[in-house]
Amino acid sequence: QGVFHLSVEASFSFPVTERFTSSGGTEALATDFNRDLDRTVFSDLRLVEAAFRLPEGSATFGRSVVDFTRHIQITTVRAAYGLTDRLSLGVRVPYWTQENQVNATLDNRNATVGFNPAVPGGIAPLGVPGTRPPTTEDIQAFVERLGFQRVEDWSDASFSDSFAGVKYQYVQSEHWRLAATGRVRFPTGRWDDPNNLVDFPTGFDAWG
């Protein structure tokens, strides 16, 4: 009773380049971003195929080549106070510093469409006069035109979800000391930004 406890813990990650799969294996952290940039990614290419009578699914800018290297540092402050010899209150406040180093390029060797300012929409098959092959910058600009942020390096420093709770020691004997803890999660963290394709959340944006 009357005892106050304060501690600070810092955790640092090695560079993270892989993630676990549902089967327990591993794959590159940016696996979802390495794909053919066809109508399944940019739905407007359906209109290009229809306008130029291209075979369905044939319009593509090429293939994206993306690598992620993530760095994480978590500093956690814990504080507790004993209301009685058996009942104490406590809080845990984590602060996350994150960085995602992004290498994003376009492999346009199998591209079938490109950019042509002379046609409506600005996209046409590569065989159309005035159409140039797409570049990495073209795709970045196209992503921005769709309302997303550029696929490039990202960093953030902010609080994660905080916790407050109580611990009660309900058994205290010569050989046993048993306690139960209950806590509440406060949504002080930041959830994933749907318009930023390379960021990572620090919380669930929900009470718990």
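First things first, this report covers the structure right here in the doc. Keep in mind that this is a model prediction, so the values were computed, not measured. (Residues numbered from 1 in each chain as written. Predicted model: local features only at pLDDT ≥ 70, side-chain atom pairs only at ≥ 80, totals over all residues. Heavy atoms only, no water.)

1. Focus: the overall build of the protein
Phase 1 of the analysis: Secondary structure summary: the protein contains two helices and 10 strands in total.
Phase 2 of the analysis: Helices (α) and strands (β) of the protein occur, in sequence order from the N terminus, as β-β-β-α-β-β-β-β-α-β-β-β.
Phase 3 of the analysis: Expressed as lengths along the three principal axes of its C-alpha atoms, the size of the protein is roughly 90 × 30 × 25 Å.
Phase 4 of the analysis: Residue burial in the protein is summarised as follows: out of 208 residues, 29% are buried. (Helix = DSSP H or I, 4+ residues; strand = E, 2+ residues; numbered from the N terminus. Buried < 20%, exposed > 50% of the residue type's maximum accessible area, 1.4 Å probe, protein only.)

2. Comments concerning the side chain of Arg70
Phase 1 of the analysis: Mapping Arg70 onto the fold places it in strand S4 (residues 63-82).
Phase 2 of the analysis: Although buried, Arg70 forms no salt bridge, and the nearest oppositely charged side chain, Asp156, lies 9.1 Å from it.
Phase 3 of the analysis: Side-chain polar atoms of Arg70 contact the side chain of Gln98, separated by 2.5 Å.
Phase 4 of the analysis: In contact with Arg70, not counting residues within four places along its chain, are Ser13, Phe14, Pro15, Val16, Leu29, Trp96, Gln98, Glu99, Asn100 and Phe200. (Lys, Arg positive; Asp, Glu negative; His and termini not counted. Salt bridge = Lys/Arg side-chain N within 4 Å of Asp/Glu carboxyl O. Polar contact = N/O pair within 3.5 Å; in protein donor to acceptor, adjacent residues only side chain to side chain. Contact = heavy atoms within 4.5 Å.)

3. Side note on the nonpolar core
Phase 1 of the analysis: Within the largest apolar cluster, 13 residues are counted, with the highest numbers of intra-cluster contacts made by Phe42, Leu45, Phe61, Val113, Ile123 and Ile139.
Phase 2 of the analysis: Of all the secondary structure elements, the ones that give two or more residues to this core are helix H1 (45-51), strand S6 (113-115) and helix H2 (136-145).
Phase 3 of the analysis: The element best represented in this core is H2, accounting for three residues.
Phase 4 of the analysis: Dropping the residues within four chain positions of it, Phe42 is found in contact with Leu37, Phe61, Ile139, Phe142, Val143 and Leu146.
Phase 5 of the analysis: In terms of nonpolar packing, the next biggest core, distinct from the first, is built from nine residues, Ala30, Phe68, Val151 and Trp154 among them. (Core = buried A, V, L, I, M, F, W, Y, C linked by side-chain atoms within 4.5 Å.)

4. Some details on H2
Phase 1 of the analysis: If you check which residues of H2 are buried, you get Asp138, Ile139, Gln140, Phe142 and Val143.
Phase 2 of the analysis: Positive backbone phi, at 100°, marks Gly147, one or two positions downstream of H2.

5. As for the pattern of salt bridges
Phase 1 of the analysis: Applying the stated criterion across every chain yields a total of 13 salt bridges.
Phase 2 of the analysis: With its nearest N and O atoms 2.8 Å apart, the salt bridge here joins Arg19 to Glu27.
Phase 3 of the analysis: Of the residues examined, Glu27 reaches a relative accessible area of 25% and is grouped as partly exposed.
Phase 4 of the analysis: For Asp138, the salt bridge goes to Arg132, with nearest N and O atoms at 2.5 Å.
Phase 5 of the analysis: Arg132 gets classed as partly exposed once you look at its relative accessible area, which sits at 40%.
Phase 6 of the analysis: Among the charged side chains, a network of salt bridges with common partners joins Glu137, Glu144, Arg150 and Glu152.

6. Let's talk about a nonpolar patch on the surface
Phase 1 of the analysis: A surface patch of nonpolar side chains, about 710 Å² in accessible area, is lined by Phe4, Leu6, Val8, Val77, Tyr81, Leu83, Leu89 and Val166.
Phase 2 of the analysis: Secondary-structure elements contributing two or more residues to the nonpolar patch are strand S1 (4-12) and S4.
Phase 3 of the analysis: By residue number, the principal contributor to the nonpolar patch is S1, which donates three residues.
Phase 4 of the analysis: For Val8, the position within the fold is in strand S1. (Patch = residues over 30% accessible without salt bridge, like charges linked within 9 Å, V, L, I, M, F, W, Y side chains within 5 Å. Areas by Shrake-Rupley, 256 points an atom, 1.4 Å probe, with all protein chains shown as cover.)

7. Side note on unusual backbone geometry
Phase 1 of the analysis: Positive phi values are uncommon outside glycine, yet Arg53 reaches one of about 55°.
Phase 2 of the analysis: By secondary structure assignment, the location of Arg53 is in the loop between H1 and S4.
Phase 3 of the analysis: Under the relative-accessibility criterion, Arg53 is labelled exposed at 79%.
Phase 4 of the analysis: A positive phi angle is found at Asp205, which is not glycine, with a value near 55°.

8. Details of the pairing of S4
Look at any regular strand and the pattern is simple: side chains alternate between the two faces of the sheet.
Phase 1 of the analysis: Summarising the sheet, S1 and S4 pair through nine bridges and their orientation is antiparallel. When the sheet's bridge partners are listed, Ser11 is paired in S4 with Ile74.
Phase 2 of the analysis: Pairing of S4 with strand S5 (residues 87-107) involves 20 bridges; the strand directions are antiparallel. Its bridge partner lying in S5, Val66 is registered against Ala104. (Pairing = 2+ DSSP bridges.)

9. A look at the environment of Gly57
Phase 1 of the analysis: The topology assignment puts Gly57 in the loop between H1 and S4.
Phase 2 of the analysis: With a relative accessible area of 35%, Gly57 lands in the partly exposed category.
Phase 3 of the analysis: Along the chain, Gly57 and Phe33 lie 24 residues apart, while their C-alpha atoms are 19 Å from each other.
Phase 4 of the analysis: In this structure, Gly57 is in contact with Arg39 and Glu49, ignoring residues within four places of it in sequence.

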